[in-house]
Amino acid sequence: MDDSEFMGLALDLAREAGAAGEVPVGALVVMDGQVVGRGGNQPIGRHDPTAHAEIIALRDAATRLGNYRLPDCTLYVTLEPCAMCAGAIMHARMDRVVFGARDPKTGAAGSVIDLFAETRLNHHTAVTGGVLADECGSLLSGFFAARRGRTLVA
C-alpha cells in the first residue's frame, strides 16, 4: 500500500470518530507495510484531553508491539498533529509522520510552529503533509458546518 491508501484507512477511522460525535480525526501506525495501531479522536467520550487519534494509535501500536518506542513505524493522521501529539510522536522515536489537512490554529508540523524541525530536540521525525488533504479537510469542514447548523456548499 502507498501513502494515499493508508491515509484512506485513516479517513475511515476519522469518519467513525465523527459518527460518534467526536471531531473526525483518524490515525494509524504502520510498520513494514502492516497496520499495528489504530485510533480515532475520543476526548469527549473518554473525558480525556489526551485522547487524540494519534495518542490512541500510538498506545495501540506500543501495546501490540510490546515497546514504547516505535522507531521503524510511520504514523498516518488525517489532521496535522498538535504540539502534544508531536511531542508523543517524537518520544516514541517514530521514523515518519504523514498527515492530510493542515491545521492553521494548532498545527505543530509547520502551520503554527514546527516542532519536528526543532534542531535542539534529540529526535527528528520525517514529515510529509498534504496527503489526501482535500478529502481530510472536507470531512472536518463538513463536521463543523453541521455542528453550526449550516450545510456546506461544495
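Here is what the cut-offs are and how they apply
- Residues numbered from 1 in each chain as written.
- Predicted model: local features only at pLDDT ≥ 70, side-chain atom pairs only at ≥ 80, totals over all residues.
- Heavy atoms only, no water.
- Phe/Tyr/Trp six-rings, centres within 6.5 Å; stacked < 30°, edge-to-face > 60°.
- Buried < 20%, exposed > 50% of the residue type's maximum accessible area, 1.4 Å probe, protein only.
- Axes fitted to C-alpha atoms, helices over the stretch in contact; angles between N-to-C directions.
- Helix = DSSP H or I, 4+ residues; strand = E, 2+ residues; numbered from the N terminus.
- Parallel < 35°, antiparallel > 145°, perpendicular 65-115°, else oblique.
- Contact = heavy atoms within 4.5 Å.
- Nonpolar A, V, L, I, M, F, W, Y, C, P; charged D, E, K, R; others polar.

### Here's the deal with the packing of aromatic side chains
Summed over the entire model, instances satisfying the criterion amount to two aromatic pairs. The interplanar angle of 80 degrees and the centroid separation of 5.2 Å between the aromatic rings of Phe 143 and Phe 144 together place this pair among those described as edge-to-face. What makes Phe 144 partly exposed here is its relative accessible area of 30%.

### Description of the packing of helix H1 (residues 3-19) against helix H5 (residues 133-147)
Interaxial distance between H1 and H5 falls to 10 Å at its minimum, and their mutual angle equals 5 degrees. With respect to their mutual orientation, H1 and H5 come out roughly parallel. Contact with H1, carried on its side by Met 7, Leu 11, Ala 14, Arg 15 and Gly 18, involves Glu 135, Cys 136, Leu 139 and Phe 143 of H5 and no other residues of that element. Per-class residue counts for the contact of H1 with H5 are six nonpolar, one polar and two charged.

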